[in-house]
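# A closer look at the structure
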Amino acid sequence: MNLDTSLDVLHYSAFTPGTTVSEGGNPAGVLLDASALDDAAMLSVAAELGYSESAFVTARDDSRGRFRVRYFSPLAEVPFCGHATVATAVALAERIGPGEFVFDTPAGEIPVSTAADADGAVRATLTSVPTRSRPATPEELDAALAALRWESDDLDPELPPHVAFGGNDHLVLAAATRARLADLAYDFDGLAEVMRRHGWTTVQLVWRESADRFHARDPFPVGGVVEDPATGAAAAALGGYLRALGLVPEPVTIAVRQGEDMGRPSELLVGVDPADPRVRVTGRAQPIGGPR
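This section reports on the structure supplied with the text. (Residues numbered from 1 in each chain as written. Predicted model: local features only at pLDDT ≥ 70, side-chain atom pairs only at ≥ 80, totals over all residues. Heavy atoms only, no water.)

## Notes on the overall build of the protein
When helices and strands are tallied, the protein shows 6 helices and 17 strands. Whereas a compact globule of 292 residues would reach a radius of gyration of roughly 19 Å, the protein reaches 18 Å, a difference of no more than 12%. Over its C-alpha atoms, taken along the principal directions, the protein stretches across nearly 50 × 40 × 35 Å. Looking at the protein residue by residue over its 292 residues, the buried ones come to 56%. In the protein, the proportion of contacts linking residues at least 24 apart, taken out of those at least 6 apart, comes to 65%. Carbon together with sulfur atoms contributes 49% to the accessible area of the protein, which is approximately 11,300 Å² in total. (Helix = DSSP H or I, 4+ residues; strand = E, 2+ residues; numbered from the N terminus. Rg over C-alpha atoms; globule rule 2.2 N^0.38 Å. Buried < 20%, exposed > 50% of the residue type's maximum accessible area, 1.4 Å probe, protein only. Contact = heavy atoms within 4.5 Å. Areas by Shrake-Rupley, 256 points an atom, 1.4 Å probe, with all protein chains shown as cover.)

## Overview of the pattern of salt bridges
Taken as a whole, this structure holds 25 salt bridges when the rule is applied. The salt bridge partner of E140 is R134, with a shortest N-O separation of 2.8 Å. The exposure class assigned to E140 is buried, which follows from its relative accessible area of 5%. Put simply, R257 and E267 hold a salt bridge, and the shortest N to O gap is 3.8 Å. In this pair, R257 is assigned in strand β15 (residues 252–258) and E267 in strand β16 (residues 266–273), connecting sequence segments 10 residues apart. Residue class for R257 comes out buried when judged on its relative accessible area of 14%. The partly exposed category is assigned to E267, whose relative accessible area is 26%. (Salt bridge = Lys/Arg side-chain N within 4 Å of Asp/Glu carboxyl O.)

## Some points on the environment of D183
Locating D183 in the fold gives a position in the loop between α4 (178–182) and α5 (188–198). Accessibility expressed as a relative area gives 46% for D183, which makes it partly exposed. Counting along the chain gives 78 residues from D183 to D261, while the straight-line C-alpha distance between them is 8.8 Å. Not counting residues up to four positions away in its chain, the partners in contact with D183 are W150 and R217.

## Describing the packing of helix α3 (residues 138–148) against α5
One way to put it is that α3 packs onto α5 with a least axis distance of 8 Å and a crossing angle of 160 degrees. Relative to α5, the element α3 is oriented roughly antiparallel. Like other packed secondary-structure pairs, α3 and α5 cross with a definite hand, here left-handed. Each of E139, E140, A143, A144, A147 and L148 in α3 lies in contact with α5, whose residues at this interface are G190, L191, V194, R197 and H198. For the contact of α3 with α5, the class distribution of residues is 6 nonpolar, 2 polar and 3 charged. (Axes fitted to C-alpha atoms, helices over the stretch in contact; angles between N-to-C directions. Parallel < 35°, antiparallel > 145°, perpendicular 65-115°, else oblique. Left-handed = near helix turned anticlockwise from the far one by under 90°. Nonpolar A, V, L, I, M, F, W, Y, C, P; charged D, E, K, R; others polar.)

Here's what the structure looks like:
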């Protein structure tokens, strides 16, 4: 790695299911002072780190708890990233104290609430921009299934394919079985081309264990990453998807387990209210010693 050692890059794993990094989560790079970096420099740092996304605080007002944040994958800027938001919020809370923050992102204003658990670990809850969801077109679905090497019979007929938005667009496909979700061997370049064509950040593959518990996998070839172990923006989109389908008749918290099939188990708590198009995504983040 040739990362500039003068940069104060923090390394956090977000959406860890417990209090230690070894238990999983999604790593993110965090720069709490990126005011001197231009776009090319931020992209370079993200590429050197190699995480699915890194967050860059380009302006901050600690007294007001307001921060301008941008997100970069190793290949490009993304409008919003949930796990890097949680990592950044926890990093800030550990340095200036927990409380209420507002992140100004390319996707819009993201309120983030932080608080310390009884064990001292900081938990963050982000509130998404208003979500929306629409049925996937036959062309979108056919192209995605071909690149995934899935058949239409592999899908859960009770959870129709949608393109859902929670800061970014995500194609949501529900697997009929946990075994189908576990068997992921897709065409990396082919899926990346389909995603670029339609503007999807990830393809969110889910399996419904129960009404309030889902398992997820998120291929992310457009970011140069085979799979994301925890995807907060996609979790927000999933909440909006379930709301759009009328599957959330009253306020509920849905647990999403992700990363298990790649050895990085992660847990995201998704708060959905049928009266509110915004979705709240909660998780922990733990500091780690360096890049993967």
